[in-house]
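Next come the chains, spelled out residue by residue.
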Amino acid sequence: MPKLIDAHTHAHFVAYGDESEDVVQRALDEDIWLITVGTQKDTSRRAVELAEQYKEGVYASIALHPIHTEKSYHDPQELGAGGDTKGFTSRGEDFDYEYYKKLGQSKKVVSIGECGLDYFRLEESTKDKQRDAFIQQIRLANELNIPLMIHCRNAFGDLIQILKDHKHLLKQDFPGVNHFFTSNKEDAKELMELGFYFTFGGVITFTHDYDEVIKYIGLDKIMVETDAPYVAPVPHRGKRNEPAFVKYTAEKLAEILDKDFEEVAQKTVENTRKVFSI
Ligand SMILES: [Zn+2]
């Protein structure tokens, strides 16, 4: 058993340049495992390639992120400057079921995600496209018999409705996890009734906004993540985040829940291993 698992990170993103292996190694040296998460075709493929370099402790998730259903969104930390050969490019993908199904044959692929809905930076025209892409990804997760890793921003009503409408396609025992959960107790309750788990990341080290919902959900349904290279926890706030920093989030989680660090570490590892079968 590892000490901790970073359940959602992007160790293969362009933000790390050629340091992805160093960043992974720093986590493994501290006995921290990780799931590195793709967001479109090329970042999903790269996630699998990185995970396959390691015998144990590094896993991949593949998907089309809702914001990449439109062309205008381009994050240089994720994709590079754009147009250069080293980076990736946001191209407003349609979900290519066969492409992701083929990638999903790797034993290192433990979930379909991050997929879901994002109305935060919404271009109204992509709403239907996001919904269609999400439903296809629910189907793919069902076909591959792996859980979902959901990204949802400002769209929980629609997201929960889609999940309820497709309940028969969700993985029976462990349907998945809602990554970096940003909503309220009511939405948490609905998602828990569907069997979902929740991750929390560095943001909980510098705001109390999520303390109440964390206490409500409870340790039995929580995992820790970094979402690196984004949202570094205190004491690295504002700098490039990396999987090894997940320990600061676990420490804060223990404080919020008034539990020992050891108990939080052990339980979040157990939850992550159960849901992703690792
Ligand atoms: Zn992410």
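The rules we used
- Residues numbered from 1 in each chain as written.
- Predicted model: local features only at pLDDT ≥ 70, side-chain atom pairs only at ≥ 80, totals over all residues.
- Buried ≥ 20, exposed ≤ 12 C-beta atoms within 10 Å, placed from the backbone.
- Helix = DSSP H or I, 4+ residues; strand = E, 2+ residues; numbered from the N terminus.
- Arc of directions from axis to C-beta.
- Contact = placed C-beta atoms within 7 Å.
- UniProt positions renumbered as here; feature names shortened; annotations may be inferred.
- Core = buried A, V, L, I, M, F, W, Y, C linked by C-beta atoms within 7 Å.
- Pairing = 2+ DSSP bridges.
- Axes fitted to C-alpha atoms, helices over the stretch in contact; angles between N-to-C directions.

The protein chain appears in an unreviewed UniProt entry as Hydrolase TatD.

Participant: What is the right way to read helix α1 (residues 20-29) from this model?
Facilitator: Because an α-helix packs 3.6 residues into every turn, residues spaced three or four apart end up facing the same way. Of all the residues in α1, the buried ones are S20, V23, V24 and A27. Taken around the axis of α1, the buried residues stretch over an arc of 95°, which confines them to a single face. Facing away from the buried side of α1, by more than 90 degrees, are the exposed residues D22 and D29. The elements touched by buried residues of α1 are β1 (4-9), β2 (32-37), α2 (41-52) and β3 (58-62).

Participant: How should the UniProt feature "binding site: a divalent metal cation 1" (unreviewed entry) in the protein chain be read in this particular structure?
Facilitator: The residues that UniProt annotates with the feature "binding site: a divalent metal cation 1" (unreviewed entry) are H8, H10, E114 and D227. Look at the named residues: they lie 220 residues apart in sequence, but the longest C-alpha span between them is just 10.9 Å, so in the fold they bunch up. Tracing the backbone through its elements, the reader meets H8 in strand β1. Overall, H8 belongs to the buried group, with 29 C-beta atoms counted inside 10 Å. Those residues in contact with H8, other than ones at most four positions away along the chain, are I35, V37, M149, H179, T199, E225 and D227. Mapped onto the elements of the fold, H10 is located in the loop between β1 and α1. Judged by local crowding, H10 falls into the buried class, with 28 C-beta atoms found within 10 Å.

Participant: What's the story with the nonpolar core in this structure? I'm lost.
Facilitator: Nonpolar side chains tend toward joint burial in soluble globular proteins. Core analysis: the biggest nonpolar cluster contains 80 residues, and L34, I62, I112, V177 and F200 have the highest contact counts within it. Other than its neighbours up to four places away in sequence, V177 contacts A7, P147, M149, I150, F196, Y197, F198, T199, M223 and V275.

Participant: Sorry if this is basic, but what is going on with the UniProt feature "binding site: a divalent metal cation 2" (unreviewed entry) in the protein chain here?
Facilitator: Sequence positions flagged by UniProt for "binding site: a divalent metal cation 2" (unreviewed entry) are, in local numbering, H151 and H179. Spatially, the listed residues are clustered: although they cover 29 residues, their C-alpha atoms lie within 5.7 Å of one another. Looking at the secondary structure, you find H151 in strand β5 (residues 148-153). The exposure class of H151 is buried, given the 25 C-beta atoms found within 10 Å. Beyond its immediate sequence surroundings of up to four residues, H151 is in contact with H65, P66, G113, E114, C115, G116, D118 and H179.

Participant: Can you help me understand the sheet that holds strand β8 (residues 222-224) in this one?
Facilitator: Strands in a sheet are paired, the pairing made by backbone hydrogen bonds, and the direction either parallel or antiparallel. Ordered by their spatial adjacency, eight strands build an open sheet running β1-β2-β3-β4-β5-β6-β7-β8, and the pairing between neighbours is parallel. The open sheet terminates on both sides in strands that have one partner only, identified here as β1 and β8. The sheet shows a mean angle of 25° between the axes of neighbouring strands, taken without regard to direction. Of the pairings in the sheet, the one linking β5 to strand β6 (residues 176-178) comprises three bridges and is parallel in character. Looking across to β6, one finds that M149 is bridged to V177.

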